[in-house]
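Descriptive structure summary
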Amino acid sequence: MDIHENNEPLGQGGHTVIFDLCDAEKLQLLHPGQVIAYRGPVQSRSDKLMNMKGIYRKRKLICSEFTGPCQLVTAFPPSIGLKVIELTEGSDLLYDFRNLFFYTEGIRMDTRVLSMKNMMITRDAVKVKFSGRGIIGILTQGQVVELPLHPEEPLYVEAGRVLAYPENAKLELSVYGNHLASQHMRYQWKMTGRGSVLVQSGGYGSGELEKNLQSEDGIVKRFLREVIPFGGILIK
């Protein structure tokens with residue numbers, strides 16, 4: 001299967017991703033409403049009801065199976081990207097099922113119920129672990145970077161930016177730096193373990209830089225917002 005992403009700006013319409021499926025290749029698409037063009041036999045698309053777990057996690061009823069040879073064009077809004085990941089045996093990353101856009105034949109999904117501590121940190125009760133050989137597509141906000149973990153040296157990642165992390169990783173809710181740094185930064189995941197974590201540039205708070213650049217607040221107001229504990233929340 002070939003996947004071609006068009007990153008050229010299309011005004012307010014976002015961008016497109018084209019999927020070319022060869023003979024007998026199968027693609028499970030969990031957001032069929034994003035298909036804007038299709039080329040191939042009519043019978044090569046088969047829609048079906050998702051199971052109860054899928055309906056609950058995706059808040060959707062229908063998914064589509066495409067069988068090659070065929071071609072489909074999918075559309076994404078400007079703020080949403082697609083990270084294509086080729087899985088191999090031994091992959092242990094945990095994902096949010098809501099971010100799954102597609103997967104190919106040969107991929108297995110297993111639910112992992114998080115510990116109470118990790119539920120509080122991630123604000124989620126379950127994650128999904130993909131295994132087998134094949135390709136998955138994950139919806140992202142902004143660019144994605146892969147950062148290695150170390151068993152002892154912690155990596156601090158802003159909590160709202162983590163896309164996927166290894167099942168073996170140890171998570172702690174934390175901040176870092178001196179008193180002034182820690183009192184105004186967002187909560188971080190203090191992560192140790194083996195493997196890599198996927199971090200996205202978008203997410204909660206990603207519009208703050210633009211807001212600051214466009215702000216016309218006076219110097220006194222900006223100073224108080226920075227130095228007073230929780231000033232960013234209390235002083236608008």
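Structural data are supplied above this passage.
As the structure is a computational prediction, the values presented were derived from the model and not from experiment.

Right, let's talk about the overall build of the protein for a bit. When you go through the protein residue by residue, the secondary structure sums to six helices and 19 strands. Looking at the protein as a whole, 38% of its 236 residues qualify as buried. Within the protein, counting contacts between residues at least 6 apart in sequence, those at least 24 apart form 71% of the total. Of the roughly 14100 Å² of accessible surface on the protein, a fraction of 54% belongs to carbon and sulfur atoms.

It is worth spelling out the sheet that holds strand E17 (residues 170-174) at this point. A sheet is described by the order of its strands in space; here three strands give the open sequence E15-E18-E17, paired in antiparallel fashion. Among the strands making up the open sheet, the edge pair consists of strand E15 (155-158) and E17. Put simply, the sheet's adjacent strands are angled 30° from each other on average, direction ignored. Strand direction decides the pairing type here: E15 and strand E18 (residues 188-192), joined by four bridges, are antiparallel. By the bridge assignment, Leu-155 is partnered in E18 with Met-191.

As a further point, take the pattern of salt bridges. For the structure shown, the criterion picks out eight salt bridges. A salt bridge links Arg-45 to Asp-47; the nearest nitrogen and oxygen atoms lie 2.9 Å apart. The class of Asp-47 is partly exposed, set by a relative accessible area of 40%. Residue Arg-112 is joined to Glu-167 by a salt bridge in which the shortest nitrogen-to-oxygen separation is 2.6 Å. Highlighted residues: Arg-112 in strand E11 (residues 107-113) and Glu-167 in the loop between strand E16 (162-166) and E17, separated in sequence by 55 residues. A relative accessible area of 26% means that Arg-112 is categorised as partly exposed. Here the salt bridges share partners, and the residues they tie into one network are Arg-112, Lys-129 and Glu-167.

Moving on, we come to the nonpolar core. Of all hydrophobic cores here, the largest spans 18 residues; its most connected members are Ile-85, Tyr-95, Leu-100, Phe-130, Ile-136, Ile-138 and Leu-198. Breaking this core down by element, the ones donating at least two residues are strand E8 (81-87), strand E9 (93-95), strand E10 (100-104), strand E12 (126-132), strand E13 (134-140) and E16. Residues lining this core come from more than one domain, with at least three contributed by each of domain 1 (1-140) and domain 2 (142-227). Grouped together as the second largest cluster of nonpolar side chains are 15 residues, Val-17, Phe-66, Leu-72 and Phe-76 included.

Looking at the element boundaries, Leu-100 is found in strand E10. Placed 37 residues apart in sequence, Leu-100 and Gly-137 show a C-alpha to C-alpha distance of 6.1 Å.

A word on the environment of Leu-29. Relative to the assigned elements, Leu-29 resides in strand E3 (residues 26-29). Residue class for Leu-29 comes out buried when judged on its relative accessible area of 0%. Note: C-alpha distance between Leu-29 and Leu-100 (71 residues apart in sequence) is 8.9 Å.

Moving on: the state of the cysteines. Taken as a whole and judged by the stated rule, the model has zero disulfides. Among the cysteines around Cys-22, which has no disulfide bond, Cys-70 carries the closest sulfur, lying 9.9 Å off. Overall, Cys-22 belongs to the partly exposed group, its relative accessible area being 44%.

Calculation notes
- Residues numbered from 1 in each chain as written.
- Predicted model: local features only at pLDDT ≥ 70, side-chain atom pairs only at ≥ 80, totals over all residues.
- Heavy atoms only, no water.
- Helix = DSSP H or I, 4+ residues; strand = E, 2+ residues; numbered from the N terminus.
- Buried < 20%, exposed > 50% of the residue type's maximum accessible area, 1.4 Å probe, protein only.
- Contact = heavy atoms within 4.5 Å.
- Areas by Shrake-Rupley, 256 points an atom, 1.4 Å probe, with all protein chains shown as cover.
- Pairing = 2+ DSSP bridges.
- Axes fitted to C-alpha atoms, helices over the stretch in contact; angles between N-to-C directions.
- Salt bridge = Lys/Arg side-chain N within 4 Å of Asp/Glu carboxyl O.
- Core = buried A, V, L, I, M, F, W, Y, C linked by side-chain atoms within 4.5 Å.
- Domains from an automatic or database assignment.
- Disulfide = S-S within 2.5 Å.

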